[in-house]
Amino acid sequence: MIKVLISVILVLLSVPPRRAQTSVFTFKIHFHVIASGHEQKDGYVTDYQIKRQIEVLNKGFSGKMGGVNTLIGFELGSIDRTYNFKWATLEPYSLEELNMKAKLRVGRSSSILNVYTTRPKYAFPVAGWSTFPWDYGDSNVMDGVVIDYRTMPGNPNSVPCYG
């Protein structure tokens, strides 16, 4: 038995180390910053925070923060900013969310991810929400992820992330 175990160890030691694979599938993220004003307390998110958020996503999905490498990556597609109080404090699946996404959504490809930063109106803490492809049927205007801007890296007004 010991001879078999030693043989297995020797074989494993002789196998060259695998290179870390890079992403096989990359999502292009279009960030839509929705704020009620030009200060961070109003929902304003900086370009630096967005770049840091993409870094966190890439580390998480590559297994560098634990888990396994999913071979999924993320890159910045675009950033736009909209100042609208109703949208900056919207509720999930509301008329405001529908109007916001109908106006701001970019692209129709499955490799595009629209991310909307807001300060959700809730009685309990939530980091954000999203829809599944089967939730919106033929009309994919509700596609995308809505996140609380305070959960992003580098926000001085941060709140605990429960997501």
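Since the model is a prediction, treat every value here as computed from it, not as a measurement.

Parameters at a glance
Residues numbered from 1 in each chain as written. Predicted model: local features only at pLDDT ≥ 70, side-chain atom pairs only at ≥ 80, totals over all residues. Heavy atoms only, no water. Phe/Tyr/Trp six-rings, centres within 6.5 Å; stacked < 30°, edge-to-face > 60°. Helix = DSSP H or I, 4+ residues; strand = E, 2+ residues; numbered from the N terminus. Buried < 20%, exposed > 50% of the residue type's maximum accessible area, 1.4 Å probe, protein only. Expected span 1.5 Å × (residues − 1). Arc of directions from axis to C-beta. Contact = heavy atoms within 4.5 Å. Salt bridge = Lys/Arg side-chain N within 4 Å of Asp/Glu carboxyl O. Polar contact = N/O pair within 3.5 Å; in protein donor to acceptor, adjacent residues only side chain to side chain.

What follows covers the packing of aromatic side chains. Per the stated rule, a full pass over the model turns up three aromatic pairs. With 5.8 Å between their ring centres and 20° between their planes, Phe27 and Phe74 make a pair best called stacked. Linking Phe27 in strand S1 (residues 25-35) with Phe74 in strand S2 (residues 72-83), this pair joins segments that are 47 residues apart in sequence. Judged by its relative accessible area of 22%, Phe27 is partly exposed. Ring centres of Phe61 and Phe74 lie 5.0 Å apart, and the angle between their planes is 70°; this geometry places the pair in the edge-to-face category. Placement of Phe61 in helix H2 (residues 47-62) and of Phe74 in strand S2 is noted, with a sequence separation of 13 residues between them. Given the relative accessible area of 31%, Phe61 is considered partly exposed. Taken together, Phe25, Phe27, Phe61 and Phe74 form an aromatic cluster joined through their ring pairs.

Let's shift gears to H2. Along its 16 residues, H2 runs 23 Å from first to last C-alpha, staying within 8% of the 22 Å computed at 1.5 Å per residue. If you check which residues of H2 are buried, you get Gln49, Ile50, Gln53 and Ile54. Relative to the axis of H2, the buried residues are bounded by an arc of 140° and lie together on one face. Looking at the buried side of H2, the elements it contacts are S1 and S2.

With that settled, consider helix H4 (residues 95-104). Residues Glu97, Met100, Lys101 and Leu104 constitute the buried set of H4. In an axial view of H4, the angular spread of the buried residues amounts to 90°, which keeps them on one side of the axis. Facing away from the buried surface of H4 by more than 90 degrees, the exposed residues are Leu95, Ala102 and Lys103. Those residues of H4 hidden inside the fold are in contact with S1, S2, helix H3 (85-88), strand S3 (112-118), strand S4 (128-130) and strand S5 (145-148).

Another point: the pattern of salt bridges. Tallied over the full model, the rule gives seven salt bridges. The residue Glu97 makes a salt bridge to Lys101 at a minimum N-O spacing of 2.7 Å. Of this pair, Glu97 and Lys101 both sit in helix H4, four residues apart, roughly one helical turn. Among the residues examined, Lys101 registers a relative accessible area of 0% and is labelled buried.

Glancing now at unusual backbone geometry. Even without being a glycine, Leu71 presents a positive backbone phi close to 65°. Tracing the chain through its elements places Leu71 in the loop between H2 and S2. Phi at Tyr93 is positive, roughly 60°, even though this residue is not glycine. One can find Tyr93 in the loop between H3 and H4.

Before going further, it helps to spend a moment on the environment of Lys41. Residue placement: Lys41 occurs in the loop between S1 and H2. Separated by 109 residues in sequence, Lys41 and Arg150 have C-alpha atoms that sit 8.8 Å apart. Engagement of the side chain of Lys41 in a polar contact is seen with the side chain of Asp42, the distance being 3.3 Å.

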